[in-house]
Amino acid sequence: MPIFKADEAKCRKDGICGKLCPMLIIKDNEQKFPEAVENRMPSCISCGHCVAFCPHGASCLEGITGAGAAPLRDDEAATPRIDRALLPGAEQVSALVRSRRSTRSFSDKPVPKELLTKILRDCDWSPTAKNARALRWVIVNTPEQIRKLGDLLADAADYAAENDPNAAYPEIYRRLAASWRKGFDPFMRGAKQLAVSVVKKAPFDMSDSAIALTYFELVAHANGVGCCWAGYFTTLSNSYRPLYEFLGVGDGEAVGGGQMFGHPGNRPSAITARRRPPPQA
């Protein structure tokens, strides 16, 4: 159970930490300093709002910051101060999201481990329901793994076409399997790497996964790496046990989705218009 404390030497008694605690754990004591309500601390989800929003650096939450708290990683401070000069403006964010395109043409140059690690670290800050953080990544990262994955996906497509009464497109699945075996890659589109979101089966698990995968795609785009949502992979992996075994997906877990990624073979030069739904009457 995390422990909340306030540094009385730094605290300005402004009540911000208590006001913004989503679980209503923090209240003022008789001296107007914030403290945790003891019987509510088990409800703490370690979201860190009390720390993040304190402008004076007075709030301490075990495992997040404070005396004796370990950094998140050896090369990072537990709670670095936000440098607002580094934040992109609205126009830069707009340009980033509007220029994003699904990449289906990849170069042979793999994304190096250092850059992939940087992208995945930034994805740690994607929100999850109740701050559960019940999500992990599996990276398919070598030519041998990609070939094995393609073989398993072809087998899964044949299996779904023959045995799954709920398969939406059995004929398409058969064509996908046949194409792979003829040397064409309809599953990965030539991508040499795949990021898989593995979630614990729980309420909001797929929502958490979709958010994390979206973070992955946008952070990758900002770093010059192209992505494409792995739709066939996601659909087939959750109905074919050998794919789970290949990916190391355990009991109580599920594949939330995947992003094919790599250095783009081609880059877009224009931002196209997007259709909008018709206005409601």
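One can find the structure itself at the top, above this paragraph.
Keep in mind that this is a model prediction, so the values were computed, not measured.

Undergrad: Would you take a moment to explain the overall build of the protein for this structure?
TA: Each helix and strand counted, the protein has 9 helices and 8 strands in total. Across the 281 residues that make up the protein, the buried fraction comes to 36%. Look at the contacts in the protein between residues 6 or more apart in sequence, and 72% of them connect residues 24 or more apart. Here the protein has roughly 17200 Å² of accessible surface; of this, 54% comes from carbon and sulfur atoms.

Undergrad: What is the right way to read the environment of P55 from this model?
TA: Tracing the chain through its elements places P55 in the loop between α2 (49–52) and β4 (59–61). Residue classification places P55 among the partly exposed residues on the basis of a relative accessible area of 47%. Placed 44 residues apart in sequence, P55 and C11 show a C-alpha to C-alpha distance of 9.4 Å. Once residues within four sequence positions are removed from consideration, P55 is found in contact with D14, I16 and R81.

Undergrad: What exactly am I supposed to notice about the packing of aromatic side chains here?
TA: Two measures describe an aromatic ring pair: the distance that separates the ring centres and the angle between the ring planes. Taken as a whole and judged by the stated rule, the model has 4 aromatic pairs. For the ring pair W137 and F216, a centre distance of 5.5 Å and an interplane angle of 35 degrees mean the geometry is tilted. One end of the pair, W137, is in strand β5 (residues 135–140); the other, F216, is in helix α7 (residues 205–222), with 79 residues separating them in the sequence. Assigned by exposure class, W137 and F216 land together as buried. Here W180 and F187 contribute two aromatic rings whose centre-to-centre distance is 6.3 Å and whose plane-to-plane angle is 50 degrees, an arrangement assigned as tilted.

Reading guide: rules and limits
- Residues numbered from 1 in each chain as written.
- Predicted model: local features only at pLDDT ≥ 70, side-chain atom pairs only at ≥ 80, totals over all residues.
- Heavy atoms only, no water.
- Helix = DSSP H or I, 4+ residues; strand = E, 2+ residues; numbered from the N terminus.
- Buried < 20%, exposed > 50% of the residue type's maximum accessible area, 1.4 Å probe, protein only.
- Contact = heavy atoms within 4.5 Å.
- Areas by Shrake-Rupley, 256 points an atom, 1.4 Å probe, with all protein chains shown as cover.
- Phe/Tyr/Trp six-rings, centres within 6.5 Å; stacked < 30°, edge-to-face > 60°.

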